Structures are given as C-alpha cells and as structure tokens.
Amino acid sequence: MVEYRHELVTKVAQQISAQLKSDESCPDLAKLLSLSSHTVPTMSGVSDIDYPSPATHSSSAAPSSRQLSLISETPVPPDILAEFANMQSTCLAGLMPEVSRAWLTIDNILYLWNYRDGSDPTYYDGLHESIVAVGLVPPKHNIFKSEIQHLLVICTAVEIVLLGVRFNQLESTAQMGPQGEGPLPSYELILLPQPLFTVSTDSILISCILGTPAGRIFMGARDGCLYELEYRSGEGWFGGKKCWKVNHSKTTLSYFVPPFLSFGEEEAIAQLVMDETRNMVFSRSENGTIRVFDLGPNGNELSRTAAMSEQTILNSAASIARSVDKSNFKKIVSIAAIRSTESHYLNLLAITHTGARLYFTTKGFNYGAAYRPYMLALVHVRLPPGFASVTSSRPVDVRKAVYSAGTLLLCTPRDQNSDVLWCVSNDTFSFNVPLSEVQSCVHLDLSTWDLCKVQNPKHLQPPHMLHSVSPPAAVNQFSAERQQFVLLNETSTLILEKLQPVDQLRDLMLENEGPDCDDVKIFFLNNKPEEACAMALLLACEEKSLYNRIKGWAIRAILLYGGEPSFGSHNSQDSSFNPGVASTPYIGSAAGSRNLLGTFAHSPKFISVPIFISRLLRDFWEFPIFEESKLQGSSTATVFCRLSSTKVSSILRIMSQLNTILPEIFDGAAAKDTWVSVQMRQDPDREKFISDAFKIEFDHYQHLTIISVKIEEFLAFMSVLLDHDLQSVISSMSNSTKQTLRDTKFSDIITGNSELGSTLCMALINQYILDSSKTDSLCEKLRNICPSVFSADDAICAKANDLLQAGLKTLDPDSQEEMLHESLNMFKKVCHVVDIQEVCKHYQQVDFCEGVVDLSICAAVRKDPQNLAAAYFRNLKPSDDLNGRAAYNHRHACYQNIVNMLHYYHTISNSEHQVKPGFSPGGSHRPQVEKRTITSLEASNYFDLVLQECLGKHDEALHYSIYQFLLSCNMHDKILDNSCPSLEAFLTCTARCSPENSLIIIQELLWKYYEKTGNFEAAARVLCRLAERRTTSVDLDQRVNFLARALVSVKSCPGLIEPQLMKEIEDKLEVAEVQKKVSASIASLSTIPPEEKDEMIAVLDSELFNLTQLYSTFVSEYSLSECKLAIVSVAGHNDKSTVEKVWQELIDSLCNETLHLDPATRVKVLTSRFSEIAASYGSNERFFPVMFIIKHLEKRSCELQMDISWVFLMFHGLGLAPHDVLVLYVDLWRSKETIWKILGKPFHLLSVIISLVSHFINVFPSHGDSASRRHFVQVASDFASKESVNLKALSSTDNTCKTLHMELKSLIVRLDRMC
C-alpha cells in the first residue's frame, strides 16, 4: 500500500500544469518561418530540413508517410446525375460543409444532397435564368424566425434571390460524429419555396459569395467590385427597399448602381475569404490581384485597406527567392486566411499554380491585436516539395487548394480525367523550429470539382486559449477531432481524414507487425521518446484497441523505447521545460563512489503520463468545469457544466484504460532488478544510484497513480451526475456553494484542495432523499465507482441525512426524537464533511436544540482541536497569527448556527406568537413539514435552555460567541446572570479592542461583574478608568457618579483594599466636584456667546482635568471667583493672603452681579449666596477668614450705601453667636484702618456696632440663654463706655460724633438695665 504524501501528489499535479503551460507556449507561425520583421522577408522550402525524410536515421525502407485516410465515398444521387441529359448551357458545382451538403446547378435549377450518405436530395426551380453563383450564409440576428437557420443566396444574370433554409432532424438516420460527439448535421433540408428577398443585379454578374458570422453577405462580381447585399426587417420611413446591394469598391454614391454607372475594373473577383478572428475580408481576382477589406473591430464596418496586383506580388516573390524561377509565382490559384489562433503577425496565405505559398501581413510585426490592418506586404515565400534535395516530385498546375491549421491540400491533374491530391503538413514534426513538413500524394480516379474542409462540431476551448496560438497536432490529437476534408467530383463525394502522428505510429506497427523495428525506433527518436510514449499510451487506451493487438504493441513500444530513470542530465529533454527532472539534487552517501551524482531525471515513459493526462484534460484542467450564464429568454443566471455527457464518457473511457495499463508498464519495474543486477556486476559502484533511481521513480509513479485514479473516479461521478437533473442538483445548493462551483479549478478538486466533489455527491443524494427514493443503491454505486469522491464519511453523511429527513416527516414524538438523536450521532462523526448549517436549520425546524448545540461544538472542535481560537481572542486577535485567525473564523462559523437559533427564539419571545414554517433550503423541491406555532413563553424557555446549556459547556470560544450575541441584543442582565470565568476574559479583551461607542457599556458590565463576584478593588479600578476616560460618551455627572461608586466599592472591604487607592479615589472625586462646579458656573455666565459656552461645557464633559488645568483653562479665563475658592480649598492652600484675595474677588463679583437690583432684593440675594458658600467653607477657618470677609463686606456695603445691619445679621444667621459677632466688629473697629476715612465714613463700623447692639438688645428678651446675654452685655457695655468717652471730646466739633455719642449713652443706659 502506497504511503500517501500530499507534497508528491501536488508535485505530480504541478507537472501536469507545467506541461499544459509548455504546450500553450507553442511558437507562432512567423517564428516557424524564421520571421522577425515585415521589412526582412524570408524564404524556405529549399533545405533538407524543410521537407525531411522520416527515415533519415534508418537504412531500412522509409516508414509509411501516409497522411490522408479515405473515410467514405458516396455517389451522387442517380436522379441528379440523370439531369445532366437536360443541360442546355451552364453547369456549376460546389460544397456547403456547414450543412454537409453538395450542390449542383444545371441551367436554372439548383440541386442539393447530403454528401455523407447521398440522402435528402432537394431542388429549387423557381428561377428563369441560368444560375451563375450559389452561396450559403448565416442570417442576421432578430430578422427572421428562429426556424430559418441559414440563407441560400442564388444569383442569375438578372436577379439575386434569398431563400430561407431550415432543417428537420432525422433521428433514425443521424450519423454519429467522431469520438461519439453527437450526431453530425444529418437532417432533412427544407428550402422555403417563396423567396425572402429578390433584388436586381443591374446587369452585373456575381462570381462568388461570402457570408460572415454576423449575417453580412458579400459578393464578388465579374466587374471587379465587391458588393454587399443589405436587408432589413421593415421598410424605411420613405418607402425604401428591404433589400439592396452596396458597392464597396466605389464611392458612397454607388449605393444604387445603375448599369450605365458600372465602371468596373474588369478584373473579375474569383474568390472571397474571411478571417473571422480579426474581422477581415480578402479578395482574389482572376488576374491574381489581392485586396484587403477591414470590417472594423466589431465586424459591422467596411473599408478598403490595401491591395497588391499580380505583377507586384510576382516581383516581390522573385526578389525574395532570387534563386528560383520567377514563373513559379506567376499565377495565384487560391488564397486562405491565417487566423489569429495560428499567428499573431501573418494574415493571408496565397497558393500559386506550382504549389508555392506566399505569406502576407496586413499590419507588420510591431503592432498588437488592437491595431487594424493598414497594408499588405509579402513577408515569406515557401517553396513546394521538389526544390529540396530529399524530394524529387513537385506539384504542377494546381487547380484547387485548401489550407487549414498547418495542413495544405493541393489538387493537380494527373491526366485529363484524373487528379493527384497532395497533402503537405508539419504534424509529424510538430515541435521542430524552423518549420519542417512531410508531403504525401493520393491518386484520384476523377477530376476534382471542389475541395473544402469539413466543419467539425464546435470544440471546447480553454477560456484563455480563445485568442492564443493553438498548439500543434501532437498536442491537439489527444482531445480534438481529426481534420476532415470533402472532395466532389462528377460521380461522388469523398471524405478524407487527416491522420495525426498517433495514426502514423499505428501504421508503422501494423506495417512491421509490432514495435520491434527500426521504423518505430526512429519514430520515437524523431518525436522525442516522451512524446512518442504519450502517443503509444493513446493507442493503448483507444476503444478499438481493446480487442486487437495494437494495445499490446503500444505497451511493448513504451517498454522498449521509454528509457529508464537516472541521475545526471536527461538527454531526451532539450527544452527549457523539464517536468521529469526533480527539483532537489540527489545526495549519495558512498564516499568512494565515482562522480555519478546529479539531478534526478525521470524516464521518458514516466514523463509521458503527465503529458498524456495534461493533453487529454487540457480543456478544463486549470479551469472550473462549471460556469454561469443566462439562458436565452431568461433574466436569471444559471450554473451549468462546461462538459457534455458524451465528452465526459469519452475521457472517462480513456482514463479507465490508462489506469488499467499503467501497472503493466510500471509495476514491471520490479522485473528491472534483473537489468540492475547485470549493470551492478559490470560496475558495482553504480549499485546504490541505479537502485535508488528506480525506487524514486516507482514512488512517484504510485502518487501519479493516485492522481490518475482520482481523475477517473471524479469523471465517473460526473458521468452519473450528468445523467441526472443537474440543474435541480445545483439549484438546491447555497449561493456560496454555487460560487465555489464557478471558482474551483478541476485540478484543485483532484489534488484534494477542494471538497467540491463531496458537496456535489451530497447534493445529488439529497435529490433522491427529497424525492422519497432509496439512497442505498445510489450510495453503493458511488462508493464503487468513485470512492475517492464519495468516501465512507460521505456514506455516513448520506445515511444521517436520510434519518434526518425521516425524522422531520414523522409525527410520533418518540420516533422523531430517536431518529434525530441517531442522525446527530452520525453527523458528529462526519461533521468535517457535512454542511452543518443546513443540518442545524433542519434541527431548529423541530426545536431540536440539543442537536444544534452539540453538532456545532463538535464541528468547531474538529476544525480547531487545539483551541487556538480562544488564545487568538485573548491575545486581541493579532494580525500575524494566521493559524489563530483561521481557527477563530472556523469556530465562529460553527457557533453562528447556535447564535442564529438564539436570535430566532429571542425574536419570537418578544412577540405574541410566531408561526414557524417548515424550513426549505435551496429550492421548492424540498418537502414541507407541518407548520407549528410556538408562543412567546415557549420561545423564552427555549432561549434560556439553550443559553444555559451553552454556558455550561467547557468551551471558552463558544462562550465568547454567546456573550457577543447577548451584547449585540443589549441583554446585559443575561450576561451578568452567570459568573463564568470566561466572562471576565471576554469583557477585558473586548474592552481593549472595542470602538468608543460600545466601550463604555463593556466597562460598565465589567465593574458590575467584579462587584458581583466580590472583587471590589478591580471594580473600583474599572470605575476610575471609566471616569477618567477621555470620551464624549460620558458626561461629567456620570464621571462623578463613577468615582462615587468606586469610593463605595473600596469602602466595602476596607481591610482588603490599599489605603492609597482609597485616598486617590477621594482626591479624584473632590477634583471632579470642583470641575462640576466650574461647568455649572460657566453655564450660568451670560457674558459669553452660547456657542462658546456649549463648547466649554462639552470640553469639561469629555474628560477629568486636574486643578492646575481647571484654573488656567477655565477659572482664570472666565474669572470664576467661587471656583477659585473651591480650587484653593481642595488644593489645601494655606497662604492667608491668597485666600483673602480670592474672597475679595468673590465678594466684589457677587456685589457687582447685584448692582442692578433694588437694595432690599440685593440684600436678600447676597445673603442667600453667602449662606451657600459659607455652608461649604465655614467649618474651615483657613478658607473662611471671617474677619476679612466682614471687613470687605462692610466696605462694599458702605460703598453701595446698603443697610448697615445686613452683614451682621447674615453672619448671625450663619450660626455665629451675638457676642462673637460683636467681638469681631469691636476688633475690626479698634484696628483703626484708614479705609473708612478714605471712603468718607470713618464712623461706619461704629454705626454698625451700635445697630448690632441695639438689635440684639431687642432680641435677647425672647432669645438666647442668660450666660450668652450676660457675656454680650458685658462686652457691649465695655465698648460703649470707652467709645463714649472717646467721642465726647469730638462731639463739640462734629455733629456725627455728637449723634453717635448720644446713641452710645442711650445704649449704656439700656445695657445697665439688662444687668
């Protein structure tokens, strides 16, 4: 049993791809002709290498060089031949290979018949004049009904008639095409009797007709002009014709050409050809003049580009081939377009009457495909066989010529009644540069009337090869049909097939009764051993080889000439491509061995297998086999298979044969031990290297077999798939799977880089299940024919799916539960290959929540067994962790099924009720389960059940997905209901990489989680981070609340929290309160614009500032005196002068704010504001200097002439006892400050004291205790007595003093009474 090594399988696949690339890099025809510039023309055909003999290296007779094989010879229907007796004037004949018809005109009657079998004779006799030209052309689009597939153009001397042509397929007589590619055009041809259009010739004789794929009709005339037959579906506005002819050889005035204006060049056009790949038309006149017409990039224009007369061509050819007689180029008998699939530079081939080939270009070698033709230049002359020394005979008087894809057929007369058909082709020497060709001759019994190439059914081309140079026959012979040519003579039609190199190998072995001959050996040498081995494989794999001796001969030829593996240079490989050479040099271990080490080289027979496979599958190996397109009349795109059922069957048959014969070739390598032993006896030092070479190749062969078998098995599966309703299978798939179908290359399916095969298998089986059919027989069939595509896991999956569908249909709850659990157990075994999304949708359909959860978890673990996803998430999803990202994505995709189910139940639980329809993924063919209604309460219970089950699993990555879902649905309470350790990791990691708008929510959940779990310190730290975070999502009030909550948290367990943390939080809270006060102060300002105010408040809301920032940015800027006091207080500033300065500013500010008020209101406002401030700072004498405050208030009261009693009354209201107020005022009076004199009221304080004492004397009888009253009276009496004496001396000169003295005396009396 071979040990599977994926790298070797991949290497074999790379060899196949490399061979494809090598085949596609085939040389341009210009390179084969040694052309590098259109200004340097070249010549060939005179050297031996131009026409080499296949037997150059052999002394034996030349091997068979037969290139054409007669496929069939069909006589002209006798009834048509009998009409020759009625011929009066003219007779024409030709071929219509597009519809497998030959035609014959006798006077005015046209006859047609199927040239393949002589059937379906048809005639048209609706004309009155002799027919001069006949042509079959495609119709224009959207002009006629779809039944009209072709137009038959019949020209007489007076009119041009267009007939409609349609076909009825005759299934009973339809013939199969080559390689089983379906029926050839063997239909009943029906000519519509009534002409579609008829137009006058205006006395112009038409000589040839050409139709383009777009439906344009060109006609060459005897007057040397090129005409186009235009037609349209309806008449114009001015009653114009539906059909008319246009002269493209004249000016635009010649749209309607009357006879007297027909100034032709009198050089009749004899042939028109078209290059469909470049949209160019070439014409050849009877005198040999060639003209070029450009139809434009889209084929809907026409312009005359260039022309060369016969004399100019003759002179150019003679100057190129100076050593050749000029007469060899005198007469051009045929031209052929060289398509872009053969050369990017050459455009036209002209064949002379001697068989010489003249190659022309229309735009030179320096322009790309987008450039249009602008000239006509002869660049190469290829002489026919007979000019080289190895050839003797040469063509003479060529009458007919056909050129196609490197093959040239020339028809020359042998005598008056017979011809010789020459075939010149480079197929035998496909890889030779410069061009090397082989010629052969076929003798024909009759003269040839017409000769053309048979148009085979359209061949599938790789997308990138549609506009590239096509590979040579040695490559195409593995997948394309052989070229066929049809020849018409006076009695029959002959169909000839161009033999390919593989056919020549068969002929050689048949002629020599096996491969043991020099001819076969030379064939292997001429074609390279690996190329010849690939052809031998093709012979051995042909269907007819199963029952003849060719198969055995082909295998023996491979063994004889297929070479052996070796170390060192591989002599048979002389190109840059070398798939047989290993990339790593072999390192020997024998120290004394000779210098035989080198790069390992496979044997040619091994290399031939990748060559064989690459060319057999070249149409689709590197491309998807499914593509999308819109069907005609449909607006929706459909995915379909690019391969037909017959194509798949054909390749499958060959691959099956290949896998049968490969063991005969390579398993016999063990028998090579005899050869090795002989070599070792002759040279013992080579023992290890020869043995290792065979072991390496045999190991690689076993992995090559793996590829080959996988190809066979997948094609076998495709054959089964195409036998069913493919569209139904594809339509049942999801859009992502359909996209995978369109994107996956065939090679990726084979090398195991895609699970597309298994997906298609399950989709096919689902069709059986859904149609209530048995799946066992289909599963058994798939297991037998394609075990690598439909594996044991796929079989389990199919059985599980069968149980699932049965469970969905049953109405018995117990049976349903049993079936669902059994299907779940089976699905869990194969969860790596099953589409769990579809299965989970079915489980959810019947509320089998356990199945959804278990299957999703099982699939996630299967894809990420090391739980890299959880680590990837915890590490904040690093960009360089590719494995972790892949694992995370895989798990996330699996868990999405659970999330979808939770979302479904959550949606229903928030509504009154929900009708759940039967789930039907992928199309309307799936059965509907009976609808079921679940209430919102049931949905809520299911939701809680699934949530509890998921969070109870030891699956951290699953928890993350659940938390994310709950978070997206704002179900924060559900998140905090559990205390799983994974929640902390989720919230922490999510907070570190979340956007700003969701970060706050995450952190709020995090601190609540910490508080719930008793981690108060962590909760406090999170709250502090929330408060300090710079963001507009949190306002200042919330920040203060966060800090307050943090302080509560740290105080909840004082013994466990660091004191420093508590102090930091308290300080931050105090500063935040100051910031809040600053914000409120700015909001109350009326002196700044509203926009600026809003901006400042937003700034204060966006983050927490320190005291310095608050002071410099806001308080100082806007003169917020009260806020200055708060900052000084919080900062603990002990400087007395600073505090007093702040109070002075504050008092002045408050007083200034009330200037507009009346005295009584002003007093009330000031009293209220100072009461509020005193409530905050009155308890701390450092920040509430009472003496200074009273002095400055009295100063301002004096200045503003306010009531003299309001200050002491306010302080008494703040809680100061009367005697304390009195003492403060007495001390203030005795300080004898000069400010009062400056204010012009030196006795203001004395007046206030007198008012204070009088007020309290009146109050004390009903308020205050006796001790307080006694103390107050004593202080007041002392003050009044002393000041009375002081004022007595001044009263004689100052009336104010006199008044105050009298008031003091009155107070003394009243105070004495109180004592």
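Before reading further, recall that the structure is shown in the block above.
Undergrad: Residues and numbers for the overall build of the protein chain, please.
TA: Secondary structure assignment for the protein chain yields 44 helices and 37 strands. Put simply, the protein chain has 1315 residues, and 52% of those count as buried. Approximately 58,800 Å² of the protein chain is accessible, and the part contributed by carbon and sulfur atoms is 51%.

Undergrad: Got a sec to walk through helix α18 (residues 776-785)? Specific residues and values, please.
TA: Looking at α18, one finds that the buried residues are L778, C779 and L782. Seen from one end, α18 has its buried residues packed into an arc of 100°, which puts them on one side. Among the exposed residues of α18, those pointing more than 90 degrees away from its buried face are D776, S777 and N784.

Undergrad: For the packing of aromatic side chains, give the residues involved together with the corresponding values.
TA: This model, assessed by the stated rule, comprises 32 aromatic pairs. Their ring planes at 85° and their centres at 6.2 Å tell us that F606 and F666 sit as a pair that is edge-to-face. Of this pair, F606 sits in helix α10 (residues 604-616) while F666 sits in helix α11 (residues 645-666), and the two are 60 residues apart along the sequence. With respect to burial, F606 and F666 carry one shared label: buried. Their ring planes at 45° and their centres at 5.6 Å tell us that F698 and Y701 sit as a pair that is tilted.

Undergrad: An account of the sheet that holds strand β6 (residues 122-124) is requested, with residue identities and associated values reported.
TA: Pairing is antiparallel in the open sheet, where four strands are placed in the order β3-β4-β5-β6. On the outer flanks of this sheet lie β3 (91-96) and β6, each paired with one strand and no other. When strand polarity is set aside, the average angle formed by the axes of neighbouring strands in this sheet is 15°. Relative to strand β4 (residues 101-106), β3 is paired through six bridges, and the arrangement is antiparallel. Among the inter-strand pairings, C91 is bridged to a residue of β4, identified as I106.

Undergrad: I'd like a description of the nonpolar core, backed by residues and values.
TA: Core analysis: the largest hydrophobic core is formed by 184 residues, its most contacted members being F612, F626, I711, F717, M718, F746 and Y843. With 13 residues, helix α13 (residues 687-722) is the largest single contributor of residues to this core. Sequence-distant contacts of F717, defined by excluding residues within four places in its chain, comprise G757, L760, C761, L764, L782, I785, C786 and V789. With 77 residues, the next largest nonpolar core counts F1184, F1211, L1224 and A1276 among its residues.

Undergrad: Tell me about unusual backbone geometry, residues and numbers included.
TA: Residue P434 is bonded to the preceding V433 through a cis peptide linkage, with omega at 5°. By secondary structure assignment, the location of P434 is in the loop between β26 (419-425) and β27 (438-444). Of note, the phi angle at D202 is positive, near 55°, even though the residue is not glycine. One can find D202 in the loop between β11 (197-200) and β12 (206-211). The backbone of N867 shows a phi angle near 55°, a positive value even though the residue is not glycine. With respect to the helices and strands, N867 occurs in the loop between α22 (849-863) and α23 (868-874).

Undergrad: Break down the sheet that holds strand β22 (residues 357-361) for me, citing the residues and quoting the values.
TA: The strand order β1-β23-β22-β21-β20 describes an open sheet built from five strands, whose pairing is mixed. The sheet is open, and its two edges are formed by β1 (42-44) and β20 (332-337), each paired on a single side. The mean angle between the axes of side-by-side strands here comes to 25°, regardless of whether they run parallel or antiparallel. Note that β22 and strand β23 (residues 377-382) share five bridges and pair antiparallel. Within β23, the residue paired with T361 across the bridge is A377. Helix α4 (residues 310-320) contacts β1, β20, β22 and β23 of the sheet and is inclined by roughly 55° relative to β23.

Undergrad: Can you explain the environment of K828? Please cite residues and give values.
TA: Note on placement: K828 falls in helix α20 (residues 813-829). You can call K828 partly exposed: its relative accessible area is 29%. For the pair formed by K828 and C797, sequence separation is 31 residues and the distance between their alpha carbons is 9.4 Å. When sequence neighbours within four positions are dropped, the list of residues in contact with K828 reads D854, L855, C858 and R862.

Undergrad: So what's going on with the side chain of Q67? Residues and values would help.
TA: The residue Q67 is located in the loop between β1 and β2 (68-75) in this model. Polar side-chain contacts of Q67 include one of 2.9 Å to the backbone oxygen of V438. Beyond its immediate stretch of four places on either side in the chain, Q67 contacts C423, S425, V438, Q439, S440, E497, K498, L499 and Q504.

Undergrad: So what about helix α7 (residues 518-526)? Which residues, and what values?
TA: Listed as buried for α7 are D519, V520, I522, F523 and F524. Of the surrounding secondary structure, the elements contacted by the buried residues of α7 are α6 (501-511), α8 (529-541) and α9 (550-561). Positive phi shows up at K528, right after α7, with a value of about 70°.

Undergrad: Outline the pairing of strand β13 (residues 217-221), listing residues and values.
TA: Buried residues dominate β13, accounting for five of its five residues. Across the two faces of β13 the burial is the same, with I217, M219 and A221 and F218 and G220 all buried. Bridge count between β12 and β13: five bridges; the pairing is antiparallel. Bridged to C208 within β13 is G220. Between β12 and β13, which pair antiparallel one after the other, the connecting turn spans five residues, and G215 there sits at a positive phi close to 100°. Here β13 runs beside strand β14 (residues 226-231); their pairing, made up of four bridges, is antiparallel.

Undergrad: Run through the packing of helix α31 (residues 1036-1051) against helix α32 (residues 1059-1084), naming residues and quoting values.
TA: Two packed helices can be described by the angle between their axes and the distance between those axes. Contact pair α31 / α32: the axes reach a minimum separation of 9 Å and the direction vectors enclose 160°. By the angle between their axes, α31 is roughly antiparallel relative to α32. Read as a crossing pair, α31 and α32 show a hand that is left-handed. On α32, the residues that touch L1036, D1037, V1040, L1043, A1044, A1046, L1047, V1050 and K1051 of α31 are L1061, M1062, I1065, E1066, K1068, L1069, A1072, E1073, Q1075, K1076 and S1079. Split by residue class, the contact of α31 with α32 holds twelve nonpolar, two polar and six charged.

Undergrad: Account for the pattern of salt bridges, naming residues and giving values.
TA: One pass over the full model with this rule turns up 45 salt bridges. In this structure, E276 and R339 form a salt bridge, with 2.8 Å as the shortest nitrogen-oxygen distance. With E276 in the loop between β16 (269-275) and β17 (280-285) and R339 in the loop between β20 and β21 (348-352), the pair connects residues that are 63 residues apart, well separated along the chain. Given a relative accessible area of 36%, E276 falls into the partly exposed group. A salt bridge links E1011 to R1045, with the shortest nitrogen-to-oxygen separation between them at 2.8 Å. Of this pair, E1011 sits in helix α29 (residues 996-1012) while R1045 sits in helix α31, and the two are 34 residues apart along the sequence. One network of salt bridges, with partners in common, ties together D50, R357, R382 and E437.

Undergrad: Give me the lowdown on a positive patch on the surface, citing residues and values where you can.
TA: Positive charge collects at one region of the surface, where R1230, K1232, K1237 and K1282 lie side by side. Turning to its location among the elements, K1232 is positioned in the loop between α40 (1218-1230) and α41 (1235-1238).

What counts, and where the lines are drawn
- Residues numbered from 1 in each chain as written.
- Predicted model: local features only at pLDDT ≥ 70, side-chain atom pairs only at ≥ 80, totals over all residues.
- Heavy atoms only, no water.
- Helix = DSSP H or I, 4+ residues; strand = E, 2+ residues; numbered from the N terminus.
- Buried < 20%, exposed > 50% of the residue type's maximum accessible area, 1.4 Å probe, protein only.
- Areas by Shrake-Rupley, 256 points an atom, 1.4 Å probe, with all protein chains shown as cover.
- Arc of directions from axis to C-beta.
- Phe/Tyr/Trp six-rings, centres within 6.5 Å; stacked < 30°, edge-to-face > 60°.
- Pairing = 2+ DSSP bridges.
- Axes fitted to C-alpha atoms, helices over the stretch in contact; angles between N-to-C directions.
- Core = buried A, V, L, I, M, F, W, Y, C linked by side-chain atoms within 4.5 Å.
- Contact = heavy atoms within 4.5 Å.
- Polar contact = N/O pair within 3.5 Å; in protein donor to acceptor, adjacent residues only side chain to side chain.
- Parallel < 35°, antiparallel > 145°, perpendicular 65-115°, else oblique.
- Left-handed = near helix turned anticlockwise from the far one by under 90°.
- Nonpolar A, V, L, I, M, F, W, Y, C, P; charged D, E, K, R; others polar.
- Salt bridge = Lys/Arg side-chain N within 4 Å of Asp/Glu carboxyl O.
- Patch = residues over 30% accessible without salt bridge, like charges linked within 9 Å, V, L, I, M, F, W, Y side chains within 5 Å.
- Lys, Arg positive; Asp, Glu negative; His and termini not counted.
- Charge placed at Lys NZ, Arg CZ, Asp CG, Glu CD.

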